[in-house]
Amino acid sequence: MNITLPDGSVRTYPSGVTGLQIADSISKSLAKAAVGVKIDGALSDLSLPIQKNVKLEIIRRQDDTALEMIRHDAAHVLAEAVQSLFPGTQVTIGPTIENGFYYDFARNEPFSTEDFAAIETEMQKIVERGAPFTREVWDRDEAIQYFKDKGENYKAELIQDLPVSENITIYRQGDWLDLCRGPHMQNVKQVGMAFKLLKVAGAYWRGDSSRAMLTRIYGTAWRDEAELNAYLTQLEEAEKRDHRKIGKDMGLFHLQEESQGSVFWHPHGFTIYNQLENYIRRRIQGDGYVEVKTPQLMHSRFWEASGHWSKFRENMFVVPDVVPSTEEGGKVFKEEPREFMALKPMNCPAHVQIFKQGIKSYRDLPIRMAEFGCCHRNEAHGALHGLMRVRQMTQDDAHIFCRVDQITDESIRFCNLLRAIYKDLGFEDLQVKLALRPENRAGTDENWDRAEQGLRDALDAAGLPYEDLPGEGAFYGPKLEFHLKDAIGRSWQCGTLQLDFVMPERLDAHYIGEDGQKHRPVMLHRAVLGTLERFIGIMLENYAGKLPLWLAPVQCVVATITGKADSYAEEVVRDLKSHGIRAEADLRNEKINYKVREHSLQKVPVLFVVGAREAEERTVAIRRLGSQDQNVESIAQAIEALAHQCKAPY
RNA sequence: GCCGCUUUAGCUCAGGGGUAGAGCACAUCAUUCGUAAUGAUGGGGUCGUAGGUUCAAAUCCUACAAGCGGCACCA
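Predicted, not measured: the structure shown is a model, and the values here were computed from it.

## Considering the sheet that holds strand β23 (residues 367-376)
Then step 1. Across the sheet, which stays open at both edges, the eight strands sit in the order β18-β23-β24-β31-β28-β27-β25-β26 with mixed pairing between neighbours. Edge positions in the sheet fall to β18 (289-291) and β26 (466-469), since each of these pairs with one other strand and no more. Across the sheet, the mean angle separating the axes of adjacent strands is 25 degrees when strand polarity is ignored.
Then step 2. Sitting on the sheet, helix α14 (residues 445-462) is in contact with β25 (431-435), β26, β27 (479-485) and β28 (491-500), with an inclination near 165 degrees to β26.
Then step 3. The strands touched by helix α16 (residues 532-542) are β23, β24 (392-402), β27, β28 and β31 (522-531); relative to β31, the strand with the most contacts, the crossing angle is about 40 degrees.

## Regarding the protein's contact with RNA strand B
Then step 1. The environment of RNA strand B is made up of 50 residues, and the closest members are Tyr204, His381, Arg534, Asn589 and Arg623.
Then step 2. The sugar-phosphate share of atoms of RNA strand B within 4 Å of the protein amounts to 50%.
Then step 3. Lys591 has a polar side-chain atom sitting 3.4 Å from a sugar or linking oxygen of RNA strand B.
Then step 4. When residues of the surface near RNA strand B are traced back to their parent elements, those giving at least two are β14 (195-204), β15 (213-221), α8 (243-249), α18 (592-601), α19 (612-617) and β35 (619-624).
Then step 5. Partitioning the surface near RNA strand B into residue classes produces 19 nonpolar, 15 polar and 16 charged.

## Observations regarding the nonpolar core
Then step 1. One finds Tyr422, Leu425, Phe482 and Phe535 to be the most contacted residues of the largest nonpolar core, which totals 61 residues.
Then step 2. It is helix α13 (residues 407-425) that contributes the most residues to this core, eight residues altogether.
Then step 3. In this structure, Phe535 is in contact with Leu276, Tyr422, Leu425, Phe427, Leu484, Cys494 and Leu529, ignoring residues within four places of it in sequence.
Then step 4. Core analysis: the second largest hydrophobic core is formed by 33 residues, Ala75, Val77, Phe105 and Phe111 among them.

## Here's the deal with the sheet that holds strand β1 (residues 2-4)
Then step 1. The sheet built from five strands is open, its strands ordered β2-β1-β7-β4-β5 with mixed pairing. Edge positions in the open sheet fall to β2 (10-12) and β5 (42-44), since each of these has one partner strand only. On average, each strand axis in the sheet is tilted by 35 degrees relative to the strand beside it, whichever way the strands run.
Then step 2. Of the strand pairs in this sheet, β1 and strand β7 (residues 54-60) are connected by two bridges, and their pairing is parallel. Looking at the pairing, Ile3 lines up with Val54 of β7.
Then step 3. Set on the sheet, helix α1 (residues 19-26) makes contact with β1, β2, β4 (34-39) and β7; between it and β7 the angle comes to about 75 degrees.
Then step 4. Across the sheet, helix α3 (residues 66-85) is in contact with β4, β5 and β7; its angle to β4 comes to roughly 120 degrees.

## Description of the packing of α3 against helix α4 (residues 116-129)
Then step 1. Two elements in contact, α3 and α4, have axes separated by 9 Å at closest approach and are oriented at 115 degrees. Seen from above, α3 lies across α4 with right-handed handedness. Residues Ala74, Val77, Leu78, Glu80, Ala81, Val82, Ser84 and Leu85 of α3 form the contact with α4, whose participating residues are Ala118, Ile119, Glu122, Met123, Ile126, Val127 and Arg129.

Parameters at a glance
- Throughout, residues of each chain are indexed from 1 in the direction in which the sequence is written.
- Here the convention is simple: chains get letters from A, ligands get numbers from 1, in the order in which they are written.
- Since the coordinates come from a predicted model, pLDDT governs what is reported: local features require at least 70, and pairs of side-chain atoms require 80 or more to be given and counted, while whole-chain, interface and lining totals use all residues.
- The basis for every side-chain value is the complete set of non-hydrogen atoms in the structure, without hydrogens or water.
- Here, strands pair whenever DSSP counts at least two bridges between them.
- Working definition: helices are DSSP H or I runs of at least four residues, strands are E runs of at least two. Numbering for both runs from the N terminus.
- Where helices are involved, their axes are fitted lines through C-alpha atoms of the stretch in contact, as for all axes, and angles between N-to-C directions lie from 0 to 180°.
- Residues are treated as being in contact if the distance between any of their heavy atoms lies within 4.5 Å.
- Throughout, near means a residue has at least one heavy atom within 4 Å of the molecule or strand.
- Under this definition, polar contacts are N or O atom pairs within 3.5 Å; protein pairs additionally need one hydrogen-donor-capable and one acceptor-capable atom, and for neighbouring residues in sequence, both atoms have to be side-chain atoms.
- Gly falls in the polar group here, along with every residue not listed as nonpolar (Ala, Val, Leu, Ile, Met, Phe, Trp, Tyr, Cys, Pro) or charged (Asp, Glu, Lys, Arg).
- Only buried residues count toward a nonpolar core. Its members are Ala, Val, Leu, Ile, Met, Phe, Trp, Tyr and Cys residues joined through side-chain atoms within 4.5 Å.
- Accessibility here uses a 1.4 Å probe with only protein chains present; expressed as a share of the type maximum, an area under 20% marks a residue as buried, one over 50% as exposed, and anything in between as partly exposed.
- Each crossing gets its handedness from the near helix: less than a right angle anticlockwise from the far helix is left-handed, clockwise is right-handed.

Laid out in structure tokens, this is it:
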């Protein structure tokens, strides 16, 4: 039997040889360092007998691939530790995740972070004991019975639901065992000590909100202490970038409980907001869009027609169409409301109304109708999160009304626009996902074929790689999702492009074709940023508050060294403002060190320092954020250069 | 919405059954200073809300709310 190693060499072994034996035959130290094998690319146990010619790679503990095994094994160690410290706790599942692992437990008494020290100590003991991992294949019914007898009902349920074709594998580590697909390392010792428990959280059994709430313990594990510390430092750094903290420190916005999920934009924050909105406005004007504004509050009849009343109502804010009473201590509404209004959760039905005014010809299409639409959605309390998840949001929304034969062109056009905008905003790295037809859908298969192919063609033409998401499309059409990753590593869906054959039908939109007959237009729902709120949150985290010059709320502060330079500083600020630069003077009676520190913390990109010398020579000493260098230039020169740098990218 | 944790001055946080503390910020005064915190003095809180226990509650108990971390949902 021939085994091909990664360096291309081929060795001959008897059938049934294990990865460990092969490693041992190469060198003793390799056998000791080995944690697993890749057999034809698939990660397996070292103890697995090999029966045929394969390509084989020994995974050593120091290899990157080992991280996943270390974390998986650490999850098992966590489970053993918890069960030994808290008898009666049921184990469920414990997978690895990016940078770590978690384990879900069922226990009447929830865990708290105060239990972590004890659990970690117990985990260390288990690792020190270093029991070997052994794999066993059990009979299905016996396994179910075994776990039921132990009171491990969740495990029993898991086994019950495994496909009959699958082996029921059990991994033992000393006296403790767990149902597990594997693979595992040679022994528990190889987990090492570079692990740490991070947080507890609730999590539904099998991700189903109608089932039991389990306690999840999150942890992280690495090859050595240095890696662990680097990761913990990275977490701290990410925390510093949190847009809620930056927003507070820079005085950009606030939230308060009387309006949860709706943002109070402060002057500096709203400057960013306006800059971004105006940039998008210029971009879409340059791409053939028209801009509209539609009502905030509309009668339920309208939402019934659009389908939102039945499909989306629990996410809507509904207002009784009754005059409220001001009677002191009385009911707010004296009469029982019979009719309702609702705040719009989406702009699309309103845009159809504008489309429907007058008769449209095929020559009018496509119509690209944009709105910075302020929408309200009644999001679950637990879902709200700073600017990232709000209840009142402003979308950079537009609906493209077009003919079926224009879908591909319009999609390509949108992808190009989106990519150009993301590039301007500093996001080069985006993931595209194509959500395909769901089981429950409207429209003919022909239309779906055409719609999905149209989007694929558009992505190909735009040169965008993408991933299919089967069954994830909206009921009315397939959609493209554009995902960005923020500084904390969370992935956010921002842009979207959705094909819709249903809404024009429901709301009876039509145009007159070349043939003189009525035809249904197709609607493309699309947004680039998604919502301004979320996108600003992402920008703040991405730039750690140090926004590009054109977006910075204050672009330049003129700071004086002495009161003698006050009037000169004010003159410089006037000059800056007349060049369209957002500038402020800092004339406070403070030392220059104090001012430099404060404006640096406020992420002001450019500081003009002026003292008696500058006033005399009509110059400024320029200091840029993140640099300690300073260079002196004449005002005219400095302002002209800065004005140029402050220009928006489009 | 579900599970857990948290809630004390504008901010960050300490304290804790006998009636409230620090640093920063703010105000006043002094200082006019050359690139990441000048000094002094002073003002500021019914300790998230509502009940309960107690001679006495900011502290203990209960409920509620909000915030945070997840889950579910989602832009």
